[in-house]
Amino acid sequence: MTTFRRRGRINRSRINSRRLGSDESQWADALGDDLDYEIEELLPEKPRLRSKGIYLLPNAFTTAALFSGFFAIVNAMNDQFQVAAIAIFASLVLDGMDGRVARMTNTQSAFGEQYDSLADMVSFGVAPALVAYEWALKDLGKWGWLAAFTYCAGAALRLARFNVNTGVVDKKFFQGLPSPAAGSLIAGFIWLADDNKIPVRDSAIPWITFFIAVYAGLTMVSNARFYSGKALDVRYRVPFGVMVLLILTFVLISSNPPLTLFGLFVVYSVSGYVIWAWERLSGKRFS
């Protein structure tokens, strides 16, 4: 429907400002109908289209994490298992950076959240399962691919539940083992065993891998709470002891990366059950 607006030009020659005061009624009587009018057609306003652009910086980190997961699969197919494990750890670092970069630069978006979940499914769901299967689980026959599928399905369910419960659960804790930590647990063991740093017989390695894959897959869909680290804001001051602990962590990782990383993720993967046991025994909620 087209609308019109009437615009008028006042004949100021008929107005004597000295005789008129500030009363609006006096001005209206003085003006009368001696006005020139114009008719202006008003076109209906078109609704503004939503911008379809995406934020480049955080999604670039997500793309790099996705590439690292895909790179791990390719190297596992070429029997380069140590490189594949390192690629999964690289994906872990990049995945942790995209969310923090988005929050620090205020560039969060629904597209970025969905893209990050899909990338996590490849990097920490499909990639660790396929790398573990190609490395040792295939020697177990059907039990091997069942363990790999248990892990892969657990990662998918974990990510789906995380997307649904984003605004419900406590942000300080994850519900279930997060998929990056689960993938790093498998990658750490593969890197450690492939580097001959553990005194385990070759015949036992497939079954240990089987146990780790099943444990990680089931823990991802459990109700155990794992500390998320989101409460730690790098923009604010921290105690001096935290800085010392961070330096010691870097020293340990640089001295023996596979052993240190695997040990850290083993401790983290059981921390949720430790919190659960403490809450059951004490009757208090850990916070």
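Residues numbered from 1 in each chain as written. Predicted model: local features only at pLDDT ≥ 70, side-chain atom pairs only at ≥ 80, totals over all residues. Heavy atoms only, no water.

(A) Region of interest: the overall build of the chain. Regarding its fold elements, the chain presents 9 helices and 4 strands. The N-to-C order of helical and strand elements in the chain reads β-α-β-α-α-α-α-β-α-α-β-α-α. Buried residues in the chain amount to 35% of all 287 residues. When the accessible surface of the chain is split by element, carbon and sulfur atoms take 62% of a total near 18600 Å². (Helix = DSSP H or I, 4+ residues; strand = E, 2+ residues; numbered from the N terminus. Buried < 20%, exposed > 50% of the residue type's maximum accessible area, 1.4 Å probe, protein only. Areas by Shrake-Rupley, 256 points an atom, 1.4 Å probe, with all protein chains shown as cover.)

(B) Main features of unusual backbone geometry. For Asp 79, which is not glycine, the phi dihedral falls at a positive 65 degrees. Along the polypeptide, Asp 79 turns up in the loop between helix H2 (56-77) and helix H3 (81-104). With a phi angle near 55 degrees, Asn 106 is a residue other than glycine that sits in the positive phi range. By the element assignment, Asn 106 lies in the loop between H3 and helix H4 (110-135).

(C) Region of the structure containing the packing of aromatic side chains. Tallying each qualifying case throughout the model produces 12 aromatic pairs. Taking 5.9 Å as the distance between ring centres and 25 degrees as the angle between the ring planes, the aromatic pair formed by Phe 67 and Phe 71 counts as stacked. Placement of the pair is Phe 67 and Phe 71 together in helix H2, with a separation of 4 residues, close to one helical turn. Look at Phe 71 and you get partly exposed, because its relative accessible area is 36%. Plain terms: the ring middles of Trp 207 and Phe 210 are 5.7 Å apart, the flat faces sit at 70 degrees to each other, and that makes the pair edge-to-face. A residue pair is termed a helical-turn pair when its members lie 3 or 4 positions apart in one helix, as Trp 207 and Phe 210 do in helix H7 (residues 205-220) at 3 residues. Ring-pair connections join several aromatic residues into one group, and the members of that group are Phe 89, Trp 191 and Phe 265. (Phe/Tyr/Trp six-rings, centres within 6.5 Å; stacked < 30°, edge-to-face > 60°.)

(D) How the structure looks around helix H5 (residues 142-164). If you check H5, its first and last C-alpha atoms are 33 Å apart, about what 23 residues at 1.5 Å a residue would give, namely 33 Å. Within H5, the full set of buried residues consists of Gly 144, Ala 147, Ala 148, Tyr 151, Cys 152, Gly 154, Ala 155, Arg 158 and Leu 159. (Expected span 1.5 Å × (residues − 1).)

(E) Structural context of the pattern of salt bridges. Enumeration according to the criterion identifies 2 salt bridges in this entry. With its nearest N and O atoms 3.6 Å apart, the salt bridge here joins Glu 134 to Lys 138. Of the residues examined, Glu 134 reaches a relative accessible area of 28% and is grouped as partly exposed. Look at Lys 138 and you get partly exposed, because its relative accessible area is 40%. (Salt bridge = Lys/Arg side-chain N within 4 Å of Asp/Glu carboxyl O.)

(F) Inspection of the side chain of Ser 184 at higher detail. As for its placement among the helices and strands, Ser 184 is situated in helix H6 (residues 179-194). With sequence-adjacent residues up to four places away left out, Ser 184 is seen in contact with Phe 89, Leu 92 and Phe 265. (Contact = heavy atoms within 4.5 Å.)

(G) Molecular detail of the UniProt feature "transmembrane region" (unreviewed entry) in the chain. In the UniProt entry, the feature "transmembrane region" (unreviewed entry) is given for residues 54-74, 143-161, 173-192, 204-224, 236-253 and 259-278. Structurally, residues 143-161 comprises 100% helix and 0% strand, and the distance from its first C-alpha atom to its last is 27 Å. Secondary structure within residues 173-192 divides into 70% helix and 15% strand; the distance between the first and last C-alpha atoms comes to 28 Å. (UniProt positions renumbered as here; feature names shortened; annotations may be inferred.)

(H) Focus on the nonpolar core. The biggest cluster of nonpolar side chains holds 44 residues, and the ones touching the most others in it are Val 131, Trp 135, Tyr 151, Ile 186, Phe 189 and Ile 190. If you list the elements that add at least two residues to this core, you get H2, H3, H4, H5, H6, H7 and helix H9 (257-282). Element by element, the count of residues in this core is highest for H6, at 10 residues. (Core = buried A, V, L, I, M, F, W, Y, C linked by side-chain atoms within 4.5 Å.)

(I) Region of interest: a nonpolar patch on the surface. Taken together, the side chains of Trp 143, Trp 145, Leu 146, Phe 149 and Trp 207 define a hydrophobic patch exposed on the protein surface, amounting to about 600 Å² of accessible area. Per element, the largest residue contribution to the nonpolar patch is 4 residues, and it comes from H5. Within the element layout of this structure, Phe 149 appears in helix H5. (Patch = residues over 30% accessible without salt bridge, like charges linked within 9 Å, V, L, I, M, F, W, Y side chains within 5 Å.)

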